[in-house]
Amino acid sequence: GKKIIFNLGGLKYLNSKSIGYIADIFSNVEDNKGKMYICNCDEGVKDVLELVGITTIIPTVATEAEAMTAINA
């Protein structure tokens, strides 16, 4: 399966369409036995992802290094 890391560093805003795309990509990756992580979220972006429940289905870590370690475990 594919391994994808979404590094959201520098991103200050996510609209509903972009959240939907992230969820669709995760669904596709998961269906094909892959792994996906989100990292480097601005506090506002992280709050939005938590609010819509994305962080309960897609692992979210603080740094890209943490994501690399986790995705290769």
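Scope of this entry: the structure provided in the associated data block. Given the structure is predicted, the values throughout are model-derived calculations rather than measurements.

## Side note on the overall build of the chain
What the chain contains, in helices and strands, is four helices and three strands. If you list the helices and strands of the chain from N to C, you get β-α-β-α-α-β-α. Its C-alpha atoms give the chain a radius of gyration of 12 Å, within 12% of the compact-globule value 11 Å for 73 residues. Expressed along its principal axes, the backbone C-alpha trace of the chain runs to roughly 30 × 25 × 20 Å. Per-residue burial for the chain yields a buried fraction of 27% across its 73 residues. Here the chain has roughly 4,600 Å² of accessible surface; of this, 54% comes from carbon and sulfur atoms. A gap of 8 Å separates the mean positions of the 7 positive and 9 negative side-chain charges of the chain.

## Observations concerning the environment of I19
If you trace the backbone, I19 turns up in helix α1 (residues 16–31). For I19, a relative accessible area of 11% corresponds to the buried category. C-alpha of I19 to C-alpha of K2: the two residues are 17 residues apart in sequence and 20 Å apart in space. Contacts of I19, omitting those with residues within four sequence positions, involve L14, V48, L49, V52 and I54.

Rules and cut-offs
Residues numbered from 1 in each chain as written. Predicted model: local features only at pLDDT ≥ 70, side-chain atom pairs only at ≥ 80, totals over all residues. Heavy atoms only, no water. Helix = DSSP H or I, 4+ residues; strand = E, 2+ residues; numbered from the N terminus. Rg over C-alpha atoms; globule rule 2.2 N^0.38 Å. Buried < 20%, exposed > 50% of the residue type's maximum accessible area, 1.4 Å probe, protein only. Areas by Shrake-Rupley, 256 points an atom, 1.4 Å probe, with all protein chains shown as cover. Lys, Arg positive; Asp, Glu negative; His and termini not counted. Charge placed at Lys NZ, Arg CZ, Asp CG, Glu CD. Contact = heavy atoms within 4.5 Å.

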